[in-house]
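Fold and geometry: a report
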Amino acid sequence: MVRDDAGADDLFRRHQAVLPAWMPLYYELPMEIVAGAGCVVTDGEGTEYLDFYSGIATNILGYGVREVREAVQRQLCTGIVHTSTFYLIRAQVEVAERIGRLSGIPDPVVFFTCSGTEAVETALLLATQYRDSHQIISLRYAYHGRSFGALGVTGDRMWQGRGLSPLRVAHVRGGGRRRGELGSLDDTAYVRVCAEELEETITTSTPGRTAAMIVEPVQGVAGAVPLVPGQLGAYKEVLDRHDVPLIVDEVQTGWGRTGQFWGHQWHEVTPDLMVFAKGGGNGLSMGGVVGRREIMSCLPVPSLSSFGGNPLAMAAVRATIDYIETHALPAHAARVGDLLIEELRRNLANEPWVREVRGAGLLMAVEYAQPGSPAQPAPQMAEAVQEACRRRGLLVGLGGTFHDCARIMPPLTLSAEQAREGARRVAAATKDAREN
Ligand SMILES: Cc1ncc(COP(=O)(O)O)c(C=O)c1O
């Protein structure tokens, strides 16, 4: 589909005039995506791209998925787009039952929101109320959203702004250990250091009562940095000793993206609260928290989200979960993710600007650094690679604590052939960027 009105450059000018400059746009000449099918999208000029970013991991099944479209159409045809949670919503109850079961949390209760930020905010509200404390522990380099509370627990300076927060927050080590003296530790030793740091933070640097610890199983915005095997379990042991609930943020890692239904399942840990959003509605706005009844029920006042759990979003979520389960997408993501990361590593093996290719399932990143100085991030290279990928018909994202990563999060329906083709294009784009 090619648009017949003015092109992307005119739309870009109008965008700049009326939308905030702090809301970043990708590319020197930003693009308008006007159509999509499977893992391929089309821009306003009619150019097709293999999409390795899926709208920041929201289009988890890809584009134009018949089952989701029909579910949404059926709901639209009832004439009911919204009623509010003051009334019973059948699909909301059904989806809550399914997410509750999928969470593995015993006797779960679910609350729906419209976004990941609102879901994180809800988890923080519940934990602080439950524990009567506003002390939170979070990981360095974490990203948890854009409200005051969510920004407070975010551990990445790029997104924090002035750092005003209603919470008292202590940041401890996350998955990235390659800088400084910890770089040479093996997994077991690193996990021990992290657990000791958490113990010491709780016992010495907090006012004596901690509301919760919030953790992403793979730090997505930080550049797909997975927690080390055993790290989440070691945190949980420490937290349990101090009665501190664990909030797992699955906004980016949920719905099969890492090769398990939830990213924390790689660690065999059951969280006390779990936050989800992004891909659950395959593009429709959704989010929520699932958790232990005792914590989820602790609010002494009424609370609701006008649009959270609305019939249209819930119809999409139900169809998306059905699709993920019927097509065994977590296992598929693990298989194709292994293939993609292998192909990327093979194709990029001799690239002097590539520091690391890492990730889990179909959540990964290529990190760029100055040749010969791996501790010197190369954000300009990551950006040049993203532009070059576009020229070669591939969409990737940007990220990394030092803005030095090309982020890769394709739809989970990616085929093996598309994975190989995409890896070839990333390698060719890296060469283009190096030579220009
Ligand atoms: C781990 C994580 N938590 C929370 C959020 C915030 O979600 P949203 O943008 O839907 O508010 C994001 C968004 O990227 C995220 O990656």
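Residues numbered from 1 in each chain as written. Predicted model: local features only at pLDDT ≥ 70, side-chain atom pairs only at ≥ 80, totals over all residues. Heavy atoms only, no water.

1. Details of the overall build of the protein chain
The line we're drawing: Going along the chain from the N terminus, every DSSP run of H or I of four or more residues is numbered as a helix, and every run of E of two or more is numbered as a strand. For a compact globule the rule gives 2.2 Å times the number of residues to the power 0.38, and the radius of gyration it is set against comes from C-alpha atoms. Only protein chains enter the accessibility calculation, which uses a 1.4 Å probe. A residue is then buried if its area is under 20% of the maximum for its type, exposed if over 50%, and partly exposed in between. Between two residues, a contact is recorded if the distance between any of their heavy atoms is within 4.5 Å. Counting rule for charge: Lys and Arg are taken as positive, Asp and Glu as negative, and neither His nor the chain ends is counted. To locate a charge, take NZ of a lysine, CZ of an arginine, CG of an aspartate or CD of a glutamate.
Counting its regular elements, the protein chain contains 14 helices and 18 strands. Taking 22 Å as the expected radius of gyration for a compact globule of 436 residues, we find that the protein chain reaches 21 Å, a close match to that expectation. C-alpha extents for the protein chain along the principal axes are approximately 60 × 55 × 45 Å. Classification of the 436 residues of the protein chain by burial places 54% in the buried group. Across the protein chain, every contact between residues at least 6 apart in sequence was considered, and the portion connecting residues at least 24 apart equals 72%. Charged side chains of the protein chain number 42 positive and 50 negative; the gap between the two group centres comes to 0 Å.

2. Details of a nonpolar patch on the surface
Applied cut-off: Patches draw on residues past 30% relative accessible area with no salt bridge. Two like charges within 9 Å are joined, as are two nonpolar side chains (Val, Leu, Ile, Met, Phe, Trp, Tyr) within 5 Å. Areas reported here follow the Shrake-Rupley algorithm with a probe of radius 1.4 Å; residue values treat only the protein chains shown as occluding. The salt bridge criterion pairs a side-chain nitrogen of Lys or Arg with a carboxyl oxygen of Asp or Glu, the two atoms within 4 Å.
On the surface, V18, L19, W22 and M23 cluster together into a nonpolar patch covering about 460 Å² of accessible area. Within the secondary structure layout, W22 lies in the loop between α1 (8-18) and β1 (33-37). For W22, a relative accessible area of 65% gives the class exposed.

3. Focus: the site of the ligand
Just so we agree on the cut-off: Residues are labelled near a given molecule or strand when at least one of their non-hydrogen atoms is within 4 Å of it. Two N or O atoms count as a polar contact when they lie within 3.5 Å, although within protein this holds only if one can serve as hydrogen donor and the other as acceptor, and sequence-adjacent residues are included solely when both atoms are side-chain atoms.
With respect to spatial proximity, the complete set of residues near the ligand consists of S115, G116, T117, Y143, H144, G145, E216, D249, V251, Q252 and K278. T117 is positioned such that a nitrogen or oxygen atom in its side chain is 2.6 Å from an oxygen atom of the ligand. In this structure, D249 approaches the ligand through a side-chain N or O atom, which is 2.7 Å from a nitrogen atom. For the ligand, whose unbound accessible area comes to 390 Å², protein coverage reaches 84%.

4. Re unusual backbone geometry
Its identity as a non-glycine residue notwithstanding, D243 has a phi of 55°, on the positive side. Looking at where D243 falls in the secondary structure, it is placed in the loop between α9 (231-241) and β10 (246-249).

5. Points about the packing of helix α3 (residues 66-77) against helix α11 (residues 311-326)
Applied cut-off: With axes taken as lines fitted to C-alpha atoms, and helix axes fitted only over the stretch in contact, angles between N-to-C directions fall between 0 and 180 degrees. Orientation labels follow simple angle bins: below 35 degrees gives roughly parallel, above 145 gives roughly antiparallel, 65 to 115 gives roughly perpendicular, and whatever is left gives oblique. For any pair of crossing helices, the crossing counts as left-handed if the nearer helix is rotated counterclockwise from the farther one by less than a right angle, and right-handed if it is rotated clockwise. In this classification, Asp, Glu, Lys and Arg are treated as charged, Ala, Val, Leu, Ile, Met, Phe, Trp, Tyr, Cys and Pro as nonpolar, and every other residue, Gly included, as polar.
Interaxial distance between α3 and α11 falls to 8 Å at its minimum, and their mutual angle equals 150°. It follows from the interaxial angle that α3 and α11 lie roughly antiparallel. Considering the relative orientation of α3 and α11, their crossing is right-handed. Contacts from E67, V68, A71, V72, Q75 and L76 of α3 reach α11 at P311, L312, A315, A316, A319, T320 and Y323. Class assignment of the residues belonging to the contact of α3 with α11 gives a composition of ten nonpolar, two polar and one charged.

6. Brief notes about the sheet that holds β1
Rule in force here: For two strands to count as paired, DSSP must find a minimum of two bridges between them.
Taken in spatial order, the four strands of this open sheet run β1-β2-β3-β16, and their pairing is mixed. Two strands in the sheet have a free side with no partner beyond their single neighbour: β1 and β16 (394-395). The sheet contact formed by strand β2 (residues 40-43) and strand β3 (residues 48-51) spans three bridges and is antiparallel. Residue pairing for β3: V41 is matched across the bridge by Y49.

7. Points about the side chain of T117
Here T117 lies in helix α5 (residues 116-131). Apart from the residues lying within four places of it in its own chain, the contact partners of T117 are H144, G145, R146, S147 and A150.

8. So, the domain arrangement of the protein chain
Keep this limit in mind: Domain borders in the structure are assigned automatically or taken from a domain database. The quantity reported as buried area is the accessible area (1.4 Å probe) lost by two parts once they are put together, taken as the sum for both.
Splitting the protein chain by domain gives domain 1 (8-64 + 329-435) and domain 2 (69-326). On the side of domain 2, 32 residues touch domain 1, which itself brings 40 residues to the contact. Both faces considered, domain 1 and domain 2 share a buried interface measuring about 2,800 Å² in area, 56% of it formed by carbon and sulfur atoms. Here domain 1 and domain 2 share zero salt bridges between them. Across the domain 1-domain 2 interface, the total number found is 14 residue pairs in polar contact (both at pLDDT 80 or more). Secondary-structure elements contributing two or more residues to the side of domain 1 that touches domain 2 are α2 (54-57), α12 (329-347), β13 (354-360), β14 (363-370) and β18 (405-408).

9. Digging into the side chain of H267
Tracing the backbone shows H267 in the loop between β10 and β11 (273-276). Apart from residues lying up to four places away in sequence, H267 is in contact with L227, V228, P229, G230, Q231 and L232.

10. A few points about the sheet that holds β10
The strand order β4-β12-β11-β10-β7-β5-β6 describes an open sheet built from seven strands, whose pairing is mixed. Two strands in the sheet have a free side with no partner beyond their single neighbour: β4 (108-113) and β6 (168-172). The average angle at which neighbouring strand axes cross in this sheet is 20°, direction not considered. Sheet topology note: the strand β5 (residues 135-139)/β6 ladder contains five bridges and is parallel. Paired with L139 across the two strands is V172, which belongs to β6.

11. So, the packing of aromatic side chains
Where we set the bar: Classification of ring pairs uses Phe, Tyr and Trp, with its six-membered ring standing for Trp, and accepts pairs whose centres are within 6.5 Å; under 30 degrees between planes counts as stacked, over 60 as edge-to-face, and the remaining range as tilted. Each ring is checked for a lysine NZ or an arginine CZ that lies within 6 Å of its centre and within 35 degrees of its normal; such an atom marks a charge sitting over the ring.
One pass over the full model with this rule turns up eight aromatic pairs. A ring pair is formed by Y143 and W159, whose centres lie 5.3 Å apart and whose planes are at 65°; its orientation type is edge-to-face. One end of the pair, Y143, is in the loop between β5 and α6 (148-153); the other, W159, is in helix α7 (residues 157-160), and 16 residues separate them in sequence. With a relative accessible area of 33%, W159 lands in the partly exposed category. Ring pairs connect the aromatic residues F112, W255, F261, W262 and F276, which therefore count as one cluster. Taking NZ or CZ as reference, R390 lies 4.9 Å from the ring centre of Y27, over its face.

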